[in-house]
Amino acid sequence: MARKDIFSQSIAKEFIINTGGEDAIPLIKACQNQKKKFTDEEISKKTKLKITEVRAILNRLHYRGIACYDKKKNNKTGWYSYTWEIKEKRIAELILEEQSEEIKKLEKKLEFEKDYVFFTCKKLCDNVPFEIASEYQFKCPKCGKAMEIVDNKKRIKELKK
Ligand SMILES: [Zn+2]
């Protein structure tokens, strides 16, 4: 069975564009599912991107561990040649890392909302925590109307989603 293309998921596409730029997509596609590794010249030919662009993209992807290279010395010329491969697994790992960061942030926010009871007046001028509401004797600092506990169960439900 054919392997599922990572770019069938829009989140992967978005992640790659943010990491390597728009042209990183055709570059990765050109290197995908290939047994061999490619030099930057070969990638440039395959993608029709300029060699300087290819190098810039590869550097950006290398920085995140998505593109890896092998360095070989040509004994005749003494020059080094680099062949590149794309680590698709790494792309998935990075996306998962980013997502769990997001979730952690939401969880922190949720903790905060749970720990603090908020008060507001009937006109809903503002949501204020208990300490501030009590300082104002539970009268809205803006309109002077009595303040009551905000039902934050709804908000917590929203955040949990
Ligand atoms: Zn008010």
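Since the model is a prediction, treat every value here as computed from it, not as a measurement.

**Some words on the side chain of Gln32**
Okay, so step 1: Locating Gln32 in the fold gives a position in the loop between helix H2 (24-31) and helix H3 (40-47).
Okay, so step 2: Judged by its relative accessible area of 10%, Gln32 falls in the buried class.
Okay, so step 3: Other than its neighbours up to four places away in sequence, Gln32 contacts Asp5, Ile6, Phe7 and Glu88.

**Brief notes about the environment of Thr47**
Okay, so step 1: Residue placement: Thr47 occurs in helix H3.
Okay, so step 2: A C-alpha to C-alpha distance of 18 Å links Thr47 and Ile6, two positions 41 residues apart in sequence.
Okay, so step 3: Those residues in contact with Thr47, other than ones at most four positions away along the chain, are Pro26, Leu27, Ala30 and Val54.
Okay, so step 4: A distance of 2.7 Å separates a polar side-chain atom of Thr47 from the backbone oxygen of Ile43.

**Some points on the pairing of strand E3 (residues 118-121)**
Okay, so step 1: Side-chain alternation along E3 places Phe118 and Thr120 on one buried face and Phe119 and Cys121 on a second face that is also buried.
Okay, so step 2: Here E3 hands over to strand E4 (residues 128-129) after six residues, with Leu124 in that stretch at a positive phi of 55°.
Okay, so step 3: In terms of strand pairing, E3 meets strand E5 (residues 147-149) through three bridges, oriented antiparallel. Across the sheet, residue Cys121 finds its bridge partner in E5, namely Met147.

Basis of the calculations
Residues numbered from 1 in each chain as written. Predicted model: local features only at pLDDT ≥ 70, side-chain atom pairs only at ≥ 80, totals over all residues. Heavy atoms only, no water. Helix = DSSP H or I, 4+ residues; strand = E, 2+ residues; numbered from the N terminus. Buried < 20%, exposed > 50% of the residue type's maximum accessible area, 1.4 Å probe, protein only. Contact = heavy atoms within 4.5 Å. Polar contact = N/O pair within 3.5 Å; in protein donor to acceptor, adjacent residues only side chain to side chain. Pairing = 2+ DSSP bridges.

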